[in-house]
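# Topology and contacts: notes
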Amino acid sequence: MRVAIGDILPTRTLAKDIRDTPKFRTILASIQEVGIIEPLAVHPEPAGGKGYILLDGHLRLEALKALEATEAVCLVATDDEGFTYNRQINRLSAIQEHKMILQAIRKGVPPERIAQTLSVNVERIRERERLLDGVVPEAVELLKDRMVSRGVFAILRKMKPLRQIDAAEMMISASRLNVPYAKMILAASRPDMLIEVKKPRQLDATPEDIARMERQMEKLYLDYKAVEDTLGETLLVLVVAKGFVARLLRNNAISGYLNRYHQDLTGELATVMEAVGADARTPGRE
């Protein structure tokens with residue numbers, strides 16, 4: 001929604017010289033040329049207030065003030081806790097950037113002007129404009145909000161549509177949205193799954209090796225999905241167990257005994273409990 005600049009309440013104070021920094025100048029130039037790319041994130045002020053608390057986008061808000069804008073495009077968040085929100089926010093993905101560039105070009109902004117605004121070579125803008133050529137919409141939909149390496153899409157174009165979708169699902173399941181993993185999927189693909197039957201020259205493998213790699217990758221994918229299905233329940237059990245062990249260690253008699261006779265065990269317990277706590281705090285766990 002559009003919110004009046006005067007109704008947005010920042011949650012932190014920016015440095016006095018912030019407008020002189022390169023980052024601020026880049027954001028300012030970007031807004032001038034193509035508008036807001038990532039909307040500001042706000043939360044309605046509690047207790048019936050009319051304002052909106054700013055959760056993310058302080059530099060963008062300052063740039064809008066410098067441009068004497070009266071309104072800002074905002075996302076209204078359901079969580080009013082800024083730290084939690086900032087931990088979970090996703091930055092602009094490659095596909096989102098591609099769509100932003102196409103939208104700007106359709107509005108009449110020359111690629112050269114976009115390149116100058118973003119401080120990149122104009123050919124890079126043209127490459128990003130062609131980013132999704134040859135990639136099926138289903139794979140694009142799966143990857144649209146993911147931080148995917150741009151080189152992944154060039155590899156996907158070498159695969160047939162169904163294999164592109166399979167590859168996208170495998171990369172998401174393994175949380176490996178990068179070029180090396182995409183190349184591994186390409187190398188393990190059967191010839192009938194590829195646009196060109198010819199394999200990459202650098203891959204020195206026999207057809208038997210390729211078939212074995214494909215079987216292993218499919219088994220790994222199925223094993224990963226099986227673990228993913230039980231992850232929430234397993235994590236819950238670990239958190240409960242951690243609480244029980246922590247309560248035991250708070251007992252002076254038990255902790256004293258362990259420190260005297262089993263110091264190695266005490267250290268291992270502390271390491272395991274810390275790991276469980278880190279997993280429980282990781283954004284994206286469901």
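Everything below is about the structure shown above.
Nothing here was measured: the structure is a model prediction, and the numbers come from that model.

This part covers the nonpolar core. One broad rule of soluble globular proteins: the nonpolar side chains tend to lie buried together. The biggest cluster of nonpolar side chains holds 29 residues, and the ones touching the most others in it are Leu143, Phe153, Leu156, Met159, Met171 and Ile185. Put simply, the parts of the chain that give this core at least two residues each are helix 4 (94-106), helix 7 (137-143), helix 8 (151-156), helix 9 (161-174) and helix 10 (179-187). Residues within four places of Met171 in sequence aside, it is in contact with Val152, Leu156, Arg176, Leu177, Tyr181, Ala182 and Ile185. Grouped together as the second largest cluster of nonpolar side chains are 18 residues, Leu28, Tyr52, Leu61 and Cys74 included.

Let us look at helix 2 (residues 58-66). Across the nine residues that make up helix 2, a large majority, seven, are buried. Turning to helix 2, its buried residues are His58, Leu59, Arg60, Leu61, Glu62, Ala63 and Leu64. Buried residues along helix 2 sit against strand 2 (8-9), helix 1 (22-34), strand 3 (40-44), strand 4 (52-56) and strand 5 (71-76). Downstream of helix 2 by one or two residues, Glu68 has phi in the positive range, about 60°.

Overall, the coordinates contain one cavity of 30 Å³ or more when judged by the stated rule. Estimated volume of the largest cavity: approximately 40 Å³. Along its surface, the largest cavity is lined by Arg163, Met170, Glu214, Met217 and Glu218. Listed by contribution, the elements that provide at least two residues to the lining of the largest cavity are helix 9 and helix 11 (207-249). The leading source of residues in the lining of the largest cavity is helix 11, at three residues.

Nonpolar side chains collect at one region of the surface, where Phe244, Leu248 and Ile254 lie side by side and expose about 240 Å² of accessible area between them. In this structure, Ile254 sits in helix 12 (residues 252-261). Among the residues examined, Ile254 registers a relative accessible area of 32% and is labelled partly exposed.

Let us look at the sheet that holds strand 2. Working definition: the strands of a sheet are paired by backbone hydrogen bonds and lie parallel or antiparallel to each other. Judged by pairing direction, the sheet is mixed, and its five strands sit side by side in the order 1-5-3-4-2 without closing on themselves. Looking at strand neighbours, the two that pair on one side only are strand 1 (2-4) and strand 2, the edges of this open sheet. Note: strand 3 against strand 4, four bridges, orientation antiparallel. Its bridge partner lying in strand 4, Val42 is registered against Leu54. Running over the sheet, helix 2 touches strand 2, strand 3, strand 4 and strand 5 and is turned about 120° from strand 4.

Thresholds, definitions, all that
Residues numbered from 1 in each chain as written. Predicted model: local features only at pLDDT ≥ 70, side-chain atom pairs only at ≥ 80, totals over all residues. Heavy atoms only, no water. Core = buried A, V, L, I, M, F, W, Y, C linked by side-chain atoms within 4.5 Å. Buried < 20%, exposed > 50% of the residue type's maximum accessible area, 1.4 Å probe, protein only. Helix = DSSP H or I, 4+ residues; strand = E, 2+ residues; numbered from the N terminus. Contact = heavy atoms within 4.5 Å. 1 Å grid on protein atoms, 1.4 Å probe; cavity = no way out; pocket = protein on both sides within 12 Å on 5 of 7 lines; lining within 4 Å. Points joined across faces, edges and corners; volume = space filled by probe spheres on them. Patch = residues over 30% accessible without salt bridge, like charges linked within 9 Å, V, L, I, M, F, W, Y side chains within 5 Å. Areas by Shrake-Rupley, 256 points an atom, 1.4 Å probe, with all protein chains shown as cover. Salt bridge = Lys/Arg side-chain N within 4 Å of Asp/Glu carboxyl O. Pairing = 2+ DSSP bridges. Axes fitted to C-alpha atoms, helices over the stretch in contact; angles between N-to-C directions.

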